[in-house]
Amino acid sequence: MDRLKTILASCFGALVLLSCGQNTPQMPSGSLTLNSPDSRLALKFAVIGGVPEYALERDGAPVVLPSRLGFDLIGEEDLSGGFTLVDTAFDTEDETWEPVWGEESEIRNHYNELLVTLSQKGGAVMRIRFRLYDDGLGFRYEFPQENALTYFQIREELTEFAMTGDHTAWWISGDYDTQEYNYTESRLSEIRGISEKMRLGNASQESFSPTGVQTALQMKTADGLYVNLHEAAVVNFPTANLDLDDRTFVFRVWLTPDAEGVKGRLQAPCHSPWRTVQVCGSATEVLSSRLILNLNDPCVLEDTEWIHPVKYMGVWWEMITGASQWSYTDELPSVRLGETDYRSVTPHGKHGANNANVRSYIDFAAENGFDALLIEGWNEGWEDWYGHQKDDVFDFVTPYPDFDLPGLNAYAHSKGIRLVMHHETSSSTVNYERWMEQAYTLMNEYGYDAVKSGYVGNIIPYGEHHYSQPLINHYLFAIRQAARHHIMVNAHEAVRPTGLCRTWPNLIGNESAMGTEYRAGINPGHTTILPFTRLQGGPMDYTPGIFEPDMSVTAPGQTGKMRHTIGNQLGLYVTFYSPLQMAADLPSNYSRFMDAFQFIKDVAVDWDRSLYLEAEPGAYIVTARHPKLSTLNKAAEGVATLRDGKKDMLSGAARFVYGLPETATARDLEGAFPHDVWYVGGITDEQARDVSVRLDFLLPGVRYETVIYADAPEADFETNPQAYTITRRDVTSETVLDLHMARSGGFAISLRSL
């Protein structure tokens, strides 16, 4: 900190924590106050010596101590001080909106608002808009058109979050290019000592501070309060990290610089993303918070009928494990698009995206009621795609000789399966933008309605970062262009989501965190943290469902064992929300456990209602969800739109909800009676746990047939990961299920009214 007053206040705050919390730094008595709708949270704002500051309280106790606001600019008068408060405006909003897809069918957006207008003698005007909800605070900077600032550049953002103590935190190291790290649980004061060894190797990464962390940062105070720092609606602005002063426990926003070191190039009128402080009294309240979504703009698409949730499989895991390869030949150390003749070379025989293999996947996916199939490695260029920062790496339209694009597409549609396109950019965003229109047009021609994009490696333009302002603009450009073509987007290695899926619901998935592809590198308990952190901004394509954790079985010659049970993998389909949900393992591995695979077939991926029954970050989560019937109907009806297709496919989830047999078709939905259906899932960390699940959310007086998929008594992620039990019994709303979760285990339950 560069202001003596702030240093003294923060140091004093740290000292008083050691003396029973007395004399905590206070905002001035004349501060503006904004209360949350339930009056439990209170925002305080004041301009102190020309510097804007805020603080946040809950039930009269501090959550965020007095913290400064503002910016340092490049070549302009700084927005760090010299301000006068010239106007204030209070407002309130209470509305309910319906997401196109989500964890519930309706979301309440209820907040009180304070807008302050600040000015400097030179004519610079900066507004700060605060929105206070029952579960937290959002604020952003706004720069109106009438302003001495028109075009300006950010050197540093000065926003602070002064914590009240040495909280427990669940965090990953700050980075400009990746979030693919295991989460660490520690005190804030311990971050400096362990940050570097928490950083796994990655194709592209750059740290900035030994005390830097990424958002969403989940913390828990000594008083049991859950505090989460994040951001919402990041548009035309770099992604924010947080840098901690571990003497005072004050975080400062740390923006990702562009290739020239600039941390934002702005033109008035404009505004920053929302800075957020989520405050909850329990872990389950954190999971039910929709603060980030509510701070985003409403949907901008007039027509959303083409957007639909997807349960899919893929020719992917066999490549990740080394059983097959993305490339076609070993004879080409260098490839030139449009010049290299693949028909003149000898295939290496390990290319996974070949006609016979893809057809077998299509058959399995169709037989088991899936919606779609992803195929990676279908297009030319994989021989030299990685590690060279090659500009024209892929053209996204030319298939390998053994991938019959029109033939496989027609075969998939005849089976009621859509293919999911794969666009790996190798982080050459300039090349992707050159080809994007042709690539999306090709998808339209063949009836592909979803694309998985990838950004592995260092970014081109050279020197840019995955999270810098130009890349933020690129990702949104891709989503906008895809929407024009009625294409849904699932971006991997892109920026973490910040709720933009509300505004652009064709953004149905992201990776942007350590997912299943890291195999044995994933720590037990990792998935019990992600819903509190990464998933706060939007769903993750985590790719669950790995039934064979031993890599040597899936890919002979490979080593490593994943650290989970089958029960854990089933539980993820409920505890991890995503409208794009994958059954990631090989058909041959599922064929050995078809009774357990039944739950993956049955479970829905879009929800009318979600309940978070028990949770603690880094320990365990138990979630119950009720499916959205309209989505199931829409998915079945959508088969009619398949090019050259047959209207006969019915998803496994629809079969279960409507109580139809495996042989049922979409036509059988007419006149079918939907049952009341719930799904419950639980996961735990490396500690075995017993939980009691109360079913009081079921309809009273109604009996339900229940299938319980649970860890067997002898199950253990290290010694017996594939031991599970399947139990069937009838229950009511008065039933309490006592369930055991093995180490890194879990359970899944399907309930259907009789």
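See the structure above.
Scope of this entry: the structure provided in the associated data block.

Let's talk about the overall build of the protein chain
Tallying secondary structure elements over the protein chain gives 15 helices and 36 strands in all. The C-alpha atoms of the protein chain give a radius of gyration of 26 Å, which matches the 27 Å a tight globule of 754 residues would have. Considering only C-alpha atoms, the protein chain reaches an extent of 70 × 70 × 50 Å along its principal axes. Residues classed as buried in the protein chain amount to 65% of the 754 residues present. Placing the 60 positive and 101 negative side-chain charges of the protein chain at their respective mean positions leaves the two points 2 Å apart.

Concerning the packing of aromatic side chains
Any two aromatic rings considered together are summarised by their centre-to-centre distance and by the angle between their planes. Counted according to the given criterion, the structure contains 35 aromatic pairs. Consider the rings of Phe-370 and Phe-597, whose centres lie 5.9 Å apart with planes at 20 degrees: the pair is stacked. Of this pair, Phe-370 sits in the loop between α6 (355-367) and β23 (372-375) while Phe-597 sits in helix α13 (residues 594-602), placing them 227 residues apart in sequence. Assessed through its relative accessible area of 0%, Phe-370 is described here as buried.

Section: the pairing of strand β9 (residues 136-143)
Among the eight residues of β9, eight are classified as buried, and the element is accordingly described as predominantly covered. Neither face of β9 is left uncovered, since the one carrying Gly-136, Gly-138, Arg-140 and Glu-142 and the one carrying Leu-137, Phe-139, Tyr-141 and Phe-143 both have all their residues buried. In this sheet, β9 lies alongside strand β8 (residues 125-133) in antiparallel orientation, the contact comprising seven bridges. Bridge pairing links Arg-129 to Arg-140 in β9. Where β8 folds back on β9, the antiparallel hairpin that results is connected by two residues. Two elements, β9 and strand β21 (residues 274-280), share four bridges in a ladder whose sense is antiparallel. By the bridge assignment, Gly-138 is partnered in β21 with Thr-276. Here β9 runs beside strand β20 (residues 270-271); their pairing, made up of two bridges, is antiparallel. Directly across from Glu-142, in β20, lies its bridge partner His-271.

Conventions we followed
Residues numbered from 1 in each chain as written. Predicted model: local features only at pLDDT ≥ 70, side-chain atom pairs only at ≥ 80, totals over all residues. Heavy atoms only, no water. Helix = DSSP H or I, 4+ residues; strand = E, 2+ residues; numbered from the N terminus. Rg over C-alpha atoms; globule rule 2.2 N^0.38 Å. Buried < 20%, exposed > 50% of the residue type's maximum accessible area, 1.4 Å probe, protein only. Lys, Arg positive; Asp, Glu negative; His and termini not counted. Charge placed at Lys NZ, Arg CZ, Asp CG, Glu CD. Phe/Tyr/Trp six-rings, centres within 6.5 Å; stacked < 30°, edge-to-face > 60°. Pairing = 2+ DSSP bridges.

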